[in-house]
Structure formats: C-alpha cells, structure tokens
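# Results of the structural survey
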Amino acid sequence: AAPELRPFKEGAHLDPPLLDHYLRVCFRVRLTPGELAALVGVLDTSGDGLVDASEFLNCFYKIVRVEQRRRHEDERGAIVQRQQAEERLKQKQQ
C-alpha cells in the first residue's frame, strides 16, 4: 500500500520525535537515534531543530526519482547483457 503522506502535506514543522513517529507510521521506517539525528541534520535547512514537512517530501520524492532511474538503468543493462549473451550463443552455434 502507498504511504499515507497527509501529515507531511499539511505544512507542519516536525520535531525529531514527531518525524520519527511519522516515518514509522507512514513509511514503516525505523531509525536508530543516531540515524534520526543525521536525517534531521540533513533536512533541517533552517537550523532550528525542526524539519519542514514540504522539504521532507521534496527530498523523499527526489530519492524516489533517483532510485527509479537507477532501477531503470539496471534493467536496461540486464537486457543488453542478455542480448549480448544470446548473440554470442548464436555465433557459437554457427
């Protein structure tokens, strides 16, 4: 099922415990305290200790796009490798 993004779309500023809660509830992601602190450090662009929900979503969607692109490239690479292997097999059979 798709994650519930409503808490992130309402323009909230999330403190670390609330971000941790929504990551667990919405995305089923569990972070260690150190991982959470590192994530807040990256996403807290203003330095106030809060994560702007829209900034979180922008980062989230960027990661999704990068991952989709990587998977697409991996799939294309696998197709090319399979085609090359089939061509080599054909050449050996001749």
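Residues numbered from 1 in each chain as written. Predicted model: local features only at pLDDT ≥ 70, side-chain atom pairs only at ≥ 80, totals over all residues. Heavy atoms only, no water.

### Examining the nonpolar core
Spelled out, the test is: Buried Ala, Val, Leu, Ile, Met, Phe, Trp, Tyr and Cys residues that are joined via side-chain atoms within 4.5 Å together make up what is termed a nonpolar core. Partly exposed residues are those whose accessible area sits between 20% and 50% of the maximum for their type, while under 20% is buried and over 50% is exposed, using a 1.4 Å probe and protein chains only. By the criteria applied, helices consist of DSSP H or I runs no shorter than four residues and strands consist of E runs no shorter than two, each listed in order from the N terminus.
In this structure, Leu14, Leu19, Leu23, Cys26, Phe27, Leu36, Val40, Leu43, Val51, Phe56 and Leu57 together form the largest nonpolar core, which totals 11 residues. When residues of this core are traced back to their parent elements, those giving at least two are helix H2 (16-27), helix H3 (33-43) and helix H4 (53-93). At 4 residues, the largest contribution of residues to this core is made by H2.

### Brief notes about H4
Stated precisely, the cut-off is as follows: Expected helix span is taken as 1.5 Å per residue step, with the number of steps being one fewer than the number of residues.
For H4, spanning 41 residues, the distance from its first C-alpha to its last is 60 Å, which sits close to the expected 60 Å at 1.5 Å a residue. What H4 keeps buried is the set Ala53, Phe56 and Leu57.

### Considering the packing of aromatic side chains
Quick note on the threshold: The rule is short: rings of Phe, Tyr and Trp, with Trp giving its six-membered ring, pair when the centres are within 6.5 Å, and they are stacked under 30 degrees, edge-to-face over 60, tilted in between.
With the rule as written, the count across this model stands at 1 aromatic pair. A centroid spacing of 5.9 Å and a plane angle of 55° characterise the contact between Phe27 and Phe56, whose relative ring orientation is tilted. Here the residue Phe27 occupies a position in helix H2, and Phe56 occupies one in helix H4, the gap between them amounting to 29 residues. On the basis of relative accessibility, which here comes to 17%, the residue Phe27 falls in the buried class. A residue is classified by how much of its surface remains accessible, and Phe56, at 6% relative accessible area, is buried.

### Focus on the pattern of salt bridges
So the rule is basically this: Any Lys or Arg side-chain nitrogen found within 4 Å of a carboxyl oxygen on Asp or Glu counts as a salt bridge.
Inspection of every chain in the model, using the stated rule, returns 4 salt bridges. Salt-bridge contacts for Asp20 lead to Arg24; the nearest nitrogen and oxygen are separated by 3.5 Å. Placement of both Asp20 and Arg24 in helix H2 is noted, with a separation of 4 residues, approximately one turn of the helix. Given a relative accessible area of 16%, Asp20 falls into the buried group. When its relative accessible area of 31% is taken as the criterion, Arg24 is described as partly exposed. Two residues, Arg70 and Glu67, come together in a salt bridge whose shortest N-O distance is 2.4 Å. A residue pair is termed a helical-turn pair when its members lie 3 or 4 positions apart in one helix, as Arg70 and Glu67 do in helix H4 at 3 residues. Taking the relative accessible area as the measure of exposure, Glu67 reaches 28% and is therefore partly exposed.

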